[in-house]
Amino acid sequence: MLGNLLRGSVQGRRASAVLQCGAEAPVLRNGWSRALLSSAVRTSSDKSHIPGEAGSAAAATEACQSPTTATAAAAAAADPAATASATPQQLRHLQSGWAAVPSIAKTLGLAGLIPFIALSPPVAAHLPFLPGYVLANAAALQVGYGATIASFLGGVHWGAAMLDFRPEARNYELERYLWGVTPCLMAWPAIVMHPGPGAFAVATTLCVAHAVDGVFHRRGLMPPWYMSLRLPLSALAVAGVVITTGGG
């Protein structure tokens, strides 16, 4: 009984610390955020010990000094128990904005832009390190790469749908699976087209994919930071392909 009282007291302090930290922050309504917090509760309840919880309570208080976790405290209004059990790393993923995007996603996303830019014929012509056969087929290679990325963007939704067991997410399950295969079908014909029309098909697919991602994001079906990553990547990828549309 004493152990239960101590555990309840520590969890209460952790919730209080987070609430004080984000008293004026906007409430997070993203369903993905609530799912992450619920997961944190389950993990904490399975592995909690009194000394560890006491340390986590101190960490929660300390986290108020960091902008990374400050706005995450707003989720406490929706689920205080979950917020009290979430780690600073988990709370970070409840935020939107470029700063909240995981570093690995930023790195791979930005690296993925290189073929879109480097293989645009006007750009490729000024890259002396490219082999001759790559330079001669730069537009076709860019279009093929763009079709591959379009398939990847659809696969994101297929994977997210498989892992989302929330009751409210079931309402969109059919839409998510159908959209998961649509971008690859839209971009697939581009690989046998002349580079100009093929690039136009890829650019159109990327624009449509970005718009649909925004719809799912507003429904709370994607991480809060997702569109902060997608916007600059989509803009630069489409820009690179549009150059090929005119010069391919």
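Now for a description of the structure that goes with this document. (Residues numbered from 1 in each chain as written. Predicted model: local features only at pLDDT ≥ 70, side-chain atom pairs only at ≥ 80, totals over all residues. Heavy atoms only, no water.)

Section: the overall build of the chain
Each helix and strand counted, the chain has 14 helices and 0 strands in total. Taken from the N to the C terminus, the helices and strands of the chain come in the order α-α-α-α-α-α-α-α-α-α-α-α-α-α. Residues counted as buried form 41% of the 248 residues belonging to the chain. Contacts in the chain between residues at least 24 apart in sequence constitute 74% of all its contacts with a sequence separation of at least 6. Surface exposure of the chain reaches about 12,800 Å², of which carbon and sulfur atoms provide 68%. (Helix = DSSP H or I, 4+ residues; strand = E, 2+ residues; numbered from the N terminus. Buried < 20%, exposed > 50% of the residue type's maximum accessible area, 1.4 Å probe, protein only. Contact = heavy atoms within 4.5 Å. Areas by Shrake-Rupley, 256 points an atom, 1.4 Å probe, with all protein chains shown as cover.)

Digging into the nonpolar core
In terms of nonpolar packing, the biggest core is built from 27 residues, with Phe116, Val202, Leu206, Trp225, Tyr226, Leu229 and Val241 touching the most fellow members. Elements with a minimum of two residues in this core: α11 (138–163), α13 (195–218) and α14 (226–247). Those residues in contact with Leu206 that lie beyond four places of it in its chain are Phe116, Leu153, Ala237 and Val238. (Core = buried A, V, L, I, M, F, W, Y, C linked by side-chain atoms within 4.5 Å.)

Re a nonpolar patch on the surface
Taken together, the side chains of Trp158, Met162, Leu163, Val181, Leu185, Trp188, Ile191, Val192 and Met193 make up a nonpolar region of the molecular surface, amounting to roughly 980 Å² of accessible area. Secondary-structure elements contributing two or more residues to the nonpolar patch are α11 and α12 (173–187). Looking at the nonpolar patch, the element that brings in the most residues is α11, giving 3 residues. Tracing the backbone through its elements, the reader meets Met162 in helix α11. For Met162, a relative accessible area of 45% gives the class partly exposed. (Patch = residues over 30% accessible without salt bridge, like charges linked within 9 Å, V, L, I, M, F, W, Y side chains within 5 Å. Salt bridge = Lys/Arg side-chain N within 4 Å of Asp/Glu carboxyl O.)

Let's talk about the side chain of Arg176
Inspection of the secondary structure assignment puts Arg176 in helix α12. Setting aside anything within four residues of it in sequence, one finds Arg176 in contact with His157, Trp158, Ala160, Ala161, Asp164, Ala169, Phe216 and Leu221.

Some remarks on α13
Between the first and last C-alpha of α13 there are 34 Å, a value that for 24 residues agrees with the 34 Å anticipated at 1.5 Å per step. Among the residues trailing α13, Gly220 stands out with phi positive, at a value near 80°. (Expected span 1.5 Å × (residues − 1).)

Let's talk about the packing of aromatic side chains
With the rule as written, the count across this model stands at 3 aromatic pairs. Centroid distance Phe116 to Tyr145: 5.1 Å. Interplanar angle 65°. Geometry classified as edge-to-face. You can see Phe116 sitting in helix α8 (residues 114–118) and its partner Tyr145 sitting in helix α11, a full 29 residues away along the chain. The class for Phe116 is buried, based on a relative accessible area of 3%. Ring centres 4.9 Å apart and planes at 80° place the aromatic pair Trp158 and Tyr177 in the edge-to-face group. Remark: Tyr177 occurs in helix α12 and Trp158 occurs in helix α11; sequence separation between them is 19 residues. Residue classification places Tyr177 among the partly exposed positions, given a relative accessible area of 24%. (Phe/Tyr/Trp six-rings, centres within 6.5 Å; stacked < 30°, edge-to-face > 60°.)

A word on the pattern of salt bridges
Scanning the entire structure with this criterion turns up 6 salt bridges. Here Glu168 and Arg166 are joined by a salt bridge, their closest N and O atoms 3.3 Å apart. A salt bridge links Glu173 to Arg170; the shortest N-O distance between them is 3.3 Å. Assessed through its relative accessible area of 25%, Glu173 is described here as partly exposed. Put simply, Asp164, Arg166, Glu168 and Arg176 are held in one network by salt bridges that share partners.

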